[in-house]
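Here is how the chains run, residue by residue.
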Amino acid sequence: MSLLQVSSLTKKVRNKTIVDQLTLEVDKGEILGLLGPNGAGKTTTIRMIVGLISKSGGQVLIDGTDAHAHFEKVMKHVGVIVENPDLYKYLSGYDNLIHFSRMTPGVTEARIREVIALVGLEHSIHDKVATYSLGMRQRLGLAVVLVHKPSLLVLDEPTNGLDPAGIRELRGHLKDLAHKEGVGIMISSHLMSEMEMMCDRVAILQKGKLVGVHKISDMADDERTQVRFEVDRPDLAVQILQSIMSGKEITTDQQNIQVHIPKAKIPEVSRKLMASGINVYGVHSVKKTLEDKFMEITGGEGH
């Protein structure tokens, strides 16, 4: 059984459907990304899952338990950050952790020290939060939601406002939590390159509907790829490619020829080009990115 199961989740406001019959799941030890243009329903979905707003229909199961019927029970196992974490800036990072840990019985001093080390705040934990950078506040917020050992993390745009170094640090912490600690993570973001590096799967939303769920590894292992040949006689190269790759889309850009072919065909095509007297200076695979996939599925809407 999946750690999080969302079935036919729906949100309607007056006559407008914000989230429409959404069904997805998150397993233990994986990071699922929610991806979509502004207004796609990402934040509304997250808020319904964690009980911050009511749902119009559907069901949310966390570890097999109905999150609506047994809200307090299931939320003991969930950590949530919606945008920037709310912290007491006039207190130290350590005092913030002590304060929030008191909301859950059984949190030990050893566990507090453990999460401080986990998010890398050992050297600044006794400084006031007012002196923290945005990245440090995000890490402290992560420590706050981890202190009670949640099995599920739900994070809405946690990289907002972070610089590249802060995003990289947060990504590392989340991947360690998922792949080493077995925590299931659902995360939304508009940074597609970051989602590609962080997530195991992405769920693409458009106008409140789920339009696809894709494994990042499947994209990397695609048998067909865009290949760019750098040649000295592009016009002749196009003629030869057209003769052996009939019906395939071929594009040219100065000295480069680009074609969508199986990887296994690359040596054969290279040999035929050179046998025709064309110098091939380079062969480059152009990997299809998550952004490319997103554009294909959504037609570029909201990009």
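Just so it is clear, the structure is predicted and the values come from calculations on it, not from any experiment.

> What is the right way to read the sheet that holds strand β4 (residues 57-62) from this model?
In sheet architecture, strand pairing relies on hydrogen bonds along the backbone and comes in two forms, parallel and antiparallel. Reading across from one edge, β2-β1-β4-β5 is the order of the four strands in this open sheet, with antiparallel pairing throughout. The sheet terminates laterally at β2 (16-26) and β5 (65-66), the two strands that pair on one side only. In the packing of helix α1 (residues 42-49) onto the sheet, contacts are made with β1 (4-13), β2 and β4, and the angle to β1 comes to roughly 115°.

> What am I meant to see in the pairing of strand β3 (residues 31-35) here?
Moving residue by residue along a regular strand, the side chains alternate between the two faces of the sheet. Most of β3 sits out of view: five of its five residues are buried. Residues Ile31, Gly33 and Leu35 line one face of β3 and the alternating positions Leu32 and Leu34 line the opposite face, and both faces are buried. With four bridges connecting them, β3 and strand β8 (residues 184-188) associate as parallel partners. Residue pairing for β8: glycine 33 is matched across the bridge by isoleucine 187. Two strands pair when backbone bridges link them, and β3 and strand β9 (residues 201-206) are joined in this way by four bridges, in the parallel orientation. What sits directly across from leucine 32, in β9, is arginine 201.

> Would you explain the nonpolar core in this entry?
Soluble, globular proteins show a tendency: their nonpolar side chains are buried together. Among the nonpolar cores identified, the biggest contains 42 residues, and Leu97, Leu142, Leu153, Leu174 and Ile185 are the most heavily contacted of them. Considering every element that reaches this core, the biggest residue donor is helix α5 (residues 134-146), with seven residues. With residues near it in sequence (within four places) discarded, leucine 142 still touches Ile81, Val119, Leu153, Leu170, His173, Leu174 and Leu177. Counting residues in hydrophobic clusters, the runner-up holds 26 residues, among them Leu22, Leu24, Met75 and Val78.

> Can you walk me through the side chain of serine 101 in this structure?
In this fold, serine 101 is placed in helix α3 (residues 93-101). A residue is classified by how much of its surface remains accessible, and serine 101, at 7% relative accessible area, is buried. Within the structure, the side chain of serine 101 is placed 2.8 Å from the backbone oxygen of isoleucine 98, a separation counted as a polar contact. Here serine 101 is in contact with Val107, Ile112 and Val147, once residues within four sequence places are set aside.

> Please clarify how the sheet that holds β9 should be interpreted in this entry.
With respect to topology, six strands assemble into an open sheet ordered β6-β7-β8-β3-β9-β10, the strand pairing being mixed. Of all the strands in the sheet, just β6 (78-82) and β10 (209-215) have a single pairing partner and so form its edges. Adjacent strand axes in the sheet meet at a mean angle of 15° when their direction is disregarded. Note that strand β7 (residues 152-156) and β8 share five bridges and pair parallel. Residue valine 154 lies in a different strand from β8, and its bridge partner there is methionine 186.

> I would appreciate a short explanation of the pattern of salt bridges in the present structure.
Any two side chains of opposite charge can pair if their charged atoms end up close together. On inspection of all chains with the given rule, the structure shows nine salt bridges. Here arginine 201 makes a salt bridge to glutamate 30, at a shortest N to O gap of 2.7 Å. Of this pair, arginine 201 sits in strand β9 while glutamate 30 sits in the loop between β2 and β3, placing them 171 residues apart in sequence. According to the relative accessible area criterion, arginine 201 is buried, its value standing at 16%. Between lysine 265 and glutamate 268 there is a salt bridge; the shortest N-O distance is 3.3 Å. The network of salt bridges with common partners includes Lys265, Glu268 and Lys272.

> Whenever I open this one, the packing of α3 against helix α4 (residues 109-118) confuses me. Can you help?
The packing of two helices is summarised by the inter-axis angle and the distance between the axes. Packing of α3 against α4 leaves a shortest axis separation of 11 Å and a crossing angle of 130°. Considering their axes alone, α3 and α4 lie oblique with respect to each other. Judged by the sense of rotation from one axis to the other, the crossing of α3 with α4 is right-handed. Across the interface between the two elements, Tyr94, Leu97, Ile98 and Ser101 of α3 pack against Glu109, Ile112, Arg113, Val115 and Ile116 of α4. Of the residues assigned to the contact of α3 with α4, the class counts are six nonpolar, one polar and two charged.

Criteria and thresholds
Residues numbered from 1 in each chain as written. Predicted model: local features only at pLDDT ≥ 70, side-chain atom pairs only at ≥ 80, totals over all residues. Heavy atoms only, no water. Pairing = 2+ DSSP bridges. Helix = DSSP H or I, 4+ residues; strand = E, 2+ residues; numbered from the N terminus. Contact = heavy atoms within 4.5 Å. Axes fitted to C-alpha atoms, helices over the stretch in contact; angles between N-to-C directions. Buried < 20%, exposed > 50% of the residue type's maximum accessible area, 1.4 Å probe, protein only. Core = buried A, V, L, I, M, F, W, Y, C linked by side-chain atoms within 4.5 Å. Polar contact = N/O pair within 3.5 Å; in protein donor to acceptor, adjacent residues only side chain to side chain. Salt bridge = Lys/Arg side-chain N within 4 Å of Asp/Glu carboxyl O. Parallel < 35°, antiparallel > 145°, perpendicular 65-115°, else oblique. Left-handed = near helix turned anticlockwise from the far one by under 90°. Nonpolar A, V, L, I, M, F, W, Y, C, P; charged D, E, K, R; others polar.

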